[in-house]
Amino acid sequence: MKFFIDTANLAQIKEAQQLGILDGVTTNPSLMAKEGITGKNNILKHYVAICNIVEGDVSAEVIATDYEGMIREGEELADLHEQIVVKVPMIKEGIKAIKYFSDKGIKTNCTLVFSVGQALLAAKAGATYVSPFIGRLDDISTDGLNLINEIREVYDNYGYETEILAASVRHTMHIIECAKIGSDVMTGPLSAIIGLLNHPLTDIGLAKFLADHKKGND
């Protein structure tokens, strides 16, 4: 499973990259604003800065919701860097735009997916990634992980190459469960990734090893 980090914070991206397990980055206008990145030129420059840190795909989101606007913005984003993946919303015009980008060889990430039907349309249109938002489904008492499972079944039935990118990952167990049910990618906060390192028995065992070593050298 690929590990993406969902942020616009360069320090966190660098920390994840230094772990040696980072495969890419997803971000969006809200995450950009959170880091104080505003204005079109600053946002475009920030995407390039992210691409210069990581080696994998970097999802950059279009703002337009009309077909012509999405094409215009998407082509501009794709021209920024070869690692850019154009992030397109799951709407009717978005599916048309994904088909256009797919035919042009431009990678896409279909975002804000909440149903199997939506994921099926994205795959039919040739999306590189489809992003089901599991955490947001959990927020409304719906099983987000079950959606990943259902999309996996449908894609496997027909051999779709679109990768399932589990988005809105909130915590470490989301990552574990996504790996168990076959999500191709997960994107989440650095804290969830770092959380995979933690186990009390590891801490206890290491403390004992160090204590025994110290005794042997006293």
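Per chain, the residues get numbers from 1 upward, laid out in the order the sequence is written. Under the rules for a predicted model, residues below a pLDDT of 70 receive no local features and side-chain atom pairs below 80 are neither given nor counted, while totals for whole chains, interfaces and linings still include all residues. The basis for every side-chain value is the complete set of heavy atoms in the structure, and neither hydrogens nor water enter the calculation.

Another point: the overall build of the chain. If you tally the helices and strands in the chain, you get eleven helices and eight strands. Dimensions of the chain, computed from the C-alpha atoms along their principal axes, are close to 75 × 40 × 30 Å. Every one of the 218 residues in the chain was classed for burial, and the buried ones make up 46%. What sets the accessible areas is the Shrake-Rupley method with a 1.4 Å probe; for residues, cover comes only from the shown protein chains. About 11200 Å² of surface is accessible on the chain, with carbon and sulfur atoms providing 53% of the total. Only four residue types enter the tally: Lys and Arg on the positive side, Asp and Glu on the negative side; His and the chain ends are excluded. A charged residue contributes its charge at one atom only: NZ of Lys, CZ of Arg, CG of Asp or CD of Glu. Positive and negative charge centroids in the chain, built from 20 and 29 side chains respectively, lie 2 Å apart. Secondary structure is summarised from DSSP: a helix means a run of H or I of at least four residues, a strand means a run of E of at least two, and numbering begins at the N terminus for each. A 1.4 Å probe rolled over the protein chains alone gives each residue an accessible area, and that area as a share of the maximum for its type sets the label: buried under 20%, exposed over 50%, partly exposed in between.

Next up on the list: the packing of helix α5 (residues 92–103) against helix α6 (residues 116–125). Lines fitted to C-alpha atoms define the axes, with helix axes restricted to the stretch in contact, and inter-axis angles between N-to-C directions lie between 0 and 180 degrees. Interaxial distance between α5 and α6 falls to 8 Å at its minimum, and their mutual angle equals 30 degrees. Looking at the two axes, α5 sits roughly parallel to α6. As for how α5 packs across α6, the hand of that crossing is right-handed. The residues of α6 that touch α5, namely those facing I95, I98, K99 and S102, are L121, A122 and A125. Counted by class, the contact of α5 with α6 contains five nonpolar, one polar and one charged residues. Here the angle decides the label: under 35 degrees means roughly parallel, over 145 means roughly antiparallel, 65 to 115 means roughly perpendicular, and every other value means oblique. Each crossing gets its handedness from the near helix: less than a right angle anticlockwise from the far helix is left-handed, clockwise is right-handed. Working rule for contacts: check all heavy atoms of both residues, and any pair within 4.5 Å makes them a contact. Residues were grouped as follows: Ala, Val, Leu, Ile, Met, Phe, Trp, Tyr, Cys and Pro as nonpolar; Asp, Glu, Lys and Arg as charged; and all remaining residues, including Gly, as polar.

Pairing of aromatic side chains requires ring centres within 6.5 Å, counting the rings of Phe and Tyr and the six-membered ring of Trp. Pairs whose planes differ by under 30 degrees are stacked, by over 60 edge-to-face, and all others tilted. Here the structure, examined in full by the defined rule, presents five aromatic pairs. Ring centres 5.7 Å apart and planes at 70 degrees place the aromatic pair Y155 and Y160 in the edge-to-face group. An aromatic cluster of at least three residues, connected via ring pairs, comprises Y155, Y158 and Y160. Charge over a ring is defined by NZ of Lys or CZ of Arg lying within 6 Å of the ring centre and within 35 degrees of the ring normal. The aromatic ring of Y67 is capped on one face by K96, whose charged end is 5.2 Å from the ring centroid.

One simple way to see leftover space: roll a probe sized like a water molecule over the atoms. Detection works on a 1 Å grid of protein atoms alone, calling trapped sets that fit a 1.4 Å probe cavities and calling open sets with protein on both sides within 12 Å along at least five of seven lines pockets, with lining residues defined by an atom within 4 Å of a point. Grid points are joined across faces, edges and corners, and a volume is the space filled by probe spheres set on the points. Space inside the largest pocket adds up to approximately 520 Å³. Lining the largest pocket are 28 residues, and of these D6, N28, L31, R136 and S168 sit closest to its centre. When residues in the lining of the largest pocket are grouped by element, the largest group, four residues, is from helix α2 (residues 29–34). In this structure, the second largest pocket spans a volume of roughly 210 Å³. Every residue along the wall of the second largest pocket is listed here: P29, K40, I43, L44, Y47, E61, V62, I63, E73, E76 and L77. Where the lining of the second largest pocket is concerned, the elements lending two or more residues are α3 (40–51) and α4 (67–80). It is α3 that provides the largest number of residues to the lining of the second largest pocket, a total of four residues.

Moving on: a negative patch on the surface. Patches in this entry comprise residues that are over 30% relatively accessible and not in a salt bridge; like charges within 9 Å are linked, as are nonpolar side chains (Val, Leu, Ile, Met, Phe, Trp, Tyr) within 5 Å. Any carboxyl oxygen of Asp or Glu within 4 Å of a side-chain nitrogen of Lys or Arg constitutes a salt bridge here. A grouping of D138, D143, E150 and E153 is seen on the molecular surface, where their side chains present a negatively charged patch. Relative to the helices and strands, E153 is located in helix α8 (residues 144–158).

A pair of strands is treated as paired once DSSP finds two or more bridges between them. Taking strand neighbours around the barrel as the criterion, the eight strands line up as β1-β2-β3-β4-β5-β6-β7-β8 in a closed arrangement whose pairing is parallel. Here the strands of the sheet are splayed against their neighbours by 30 degrees on average, with no regard to which way each runs. Here three bridges tie strand β5 (residues 108–113) to strand β6 (residues 129–132), and the two strands are oriented parallel to one another. The partner of N109 across the bridge, within β6, is Y129. With respect to the sheet, α5 is in contact with β4 (84–89) and β5, its orientation differing from that of β4 by roughly 155 degrees.

Before going further, it helps to spend a moment on unusual backbone geometry. Residues other than glycine seldom take positive phi values, yet L112 does so here, at roughly 60 degrees. Turning to its location among the elements, L112 is positioned in strand β5.

All right, on to the side chain of S183 then. With respect to the helices and strands, the residue S183 is situated in the loop between α9 (172–181) and β8 (185–188). Using a relative accessible area of 5% as the deciding quantity, one classes S183 as buried. Among the polar contacts made by the side chain of S183, one reaches the main-chain carbonyl oxygen of I164 at a distance of 3.2 Å. We define a polar contact as two N or O atoms separated by no more than 3.5 Å, with the added condition that, inside protein, one atom must be a possible hydrogen donor and the other a possible acceptor, whereas residues neighbouring each other in sequence contribute only through side-chain atom pairs. A polar contact is formed between the side chain of S183 and the backbone oxygen of V185, at a distance of 2.7 Å. Excluding residues within four positions of it along the chain, S183 makes contact with M1, I148, I164, A166 and C178.

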